[in-house]
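Descriptive structure summary
Chain by chain, the residues run as shown.
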Amino acid sequence: MSLTFHWFLPTYGDSRHVVGGGHGLPAGAAGGQRPATLGYLTQIARAAEQLGFEGALTPTGAWCEDAWLTTAMLARETERLKFLVAFRPGFVAPTLAAQMAATFQRHAPGRLLLNVVTGGESHEQRAYGDFLGKEARYARTGEFLRIVRDLWQGRTVDFAGEHLRVEQARLARVPDPVPPVYFGGSSAAAGEVAARFSDVYLTWGEPPGQVAEKITWIRKLAADAGRTVRFGIRLHVITRDTADQAWAEARRLLDGFSPEAVRAVQEGLARSESEGQRRMLALHGGSTDGLEVAPNLWAGIGLVRGGAGTALVGSHAEVAERITEYQRLGIEEFVLSGHPHVEEAYWFGEGVLPRLADAGLWRHPGAAGAGRGPGSGAVPGAGPGAVPDVQVPFAGRA
């Protein structure tokens, strides 16, 4: 089975330094020297498509642009790339969300993936008019996904739950294919929802031992519910021809973090209600010392950014080894990013993906016959690690 790799669309801006924002941080905390224009995001999306990424995650939050609208526009600028659209079920009615997904799949066939984000911060939820507490938000998410999944099956839905109610809900046209649901969370409430409704459980980039524990936990919950789920991981990457070059880049990024910025971000994140965020903070404790928390796993990103805060750092061969280590634990999908996102996509796509192809762990999804199972072909007329010859212009600070 071929591994699946997704890239990331920084709809809050990009830079040669780490751009802040993310989980638990307020609107206005993000922004970079490369504004998130449609032109610049198109460059990233086309680069990802050329290099062999299956899709691209688009975040949700007050600190970034809307994911649904942005990806709908970008679908016209790309041919194959799928869009992992993050959205919060508390902000849209389930019948409307099911209809939106069906419309997206109709106009961009098979190119929608859904990242359901319950929302870990009550203060941000309240800004959108959502005043439920964290536990209640997870309960509502479960009700939401139950309704949406029934609608996608073409059923007429009557449902009266604790938080949501619909009568005679039905879609005129169901999505084809039904978009897979990606879901993450480290709390007990999150685990129950993931086990019952997700197709892919996503974890942030914790050390392999902790990831193994999460996989065991969710796998058992899913089995108890009579289901199976796939597993994915969200990581940043800094990969270079040599380990020294990669760690030099990590040090350059770290040098750009002022003590004042680190302190301010950490104070904000310490108030987070998210169990996943708490686990990220525990990896570095707000200190710039001892940031390599496992071989080639660097926690420095989390000093100035909420959400996923770790990066795989090393030579292309070392990063490929770490990916293989996670794959052996049961991880099948990797959602990656790097600063800046055009250049880092090429470092990873040209340096790491060919090594994984040579090892039989990955095939370019744009290749003839490529797929998730045996029999997938390599790029016609090329070596096993090659990618199609598509030229993507780089316009710098679009």
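In this text, all values refer to a predicted model and were calculated from it rather than measured experimentally.

Let us now look at the pairing of strand 12 (residues 311-315). The element strand 12 is extensively covered by neighbouring structure, given that 5 of its 5 residues are classed as buried. Note that strand 11 (residues 297-298) and strand 12 share 2 bridges and pair antiparallel. Bridge pairing in strand 12 places Trp 298 opposite Ala 311.

Positionally, Gly 309 belongs in the loop between strand 11 and strand 12. Taking the C-alpha atoms as reference, Gly 309 lies 5.9 Å from Ala 299; in sequence the two are 10 residues apart. In contact with Gly 309, other than residues within four places in its own chain, are His 236, Met 280, Trp 298, Ala 299, Gly 300, Ile 301 and Gly 302.

Further remarks concern the packing of aromatic side chains. Applying the stated rule across the entire model yields 13 aromatic pairs. Measuring from centroid to centroid gives 6.0 Å for Phe 87 and Phe 144, while their planes differ by 55 degrees, and the two rings are tilted. One end of the pair, Phe 87, is in strand 3 (residues 82-87); the other, Phe 144, is in helix 5 (residues 134-152), and 57 residues separate them in sequence. On the accessibility criterion, Phe 144 (2% relative accessible area) is buried. Taking 6.3 Å as the distance between ring centres and 70 degrees as the angle between the ring planes, the aromatic pair formed by Tyr 201 and Phe 231 counts as edge-to-face. Taken together, the residues span a long stretch of sequence, with Tyr 201 in strand 8 (residues 200-204) and Phe 231 in strand 9 (residues 230-240) at a distance of 30 residues. Take Tyr 201: its relative accessible area is 1%, and that puts it in the buried class.

How each quantity is defined
- Residues numbered from 1 in each chain as written.
- Predicted model: local features only at pLDDT ≥ 70, side-chain atom pairs only at ≥ 80, totals over all residues.
- Heavy atoms only, no water.
- Buried < 20%, exposed > 50% of the residue type's maximum accessible area, 1.4 Å probe, protein only.
- Helix = DSSP H or I, 4+ residues; strand = E, 2+ residues; numbered from the N terminus.
- Pairing = 2+ DSSP bridges.
- Contact = heavy atoms within 4.5 Å.
- Phe/Tyr/Trp six-rings, centres within 6.5 Å; stacked < 30°, edge-to-face > 60°.

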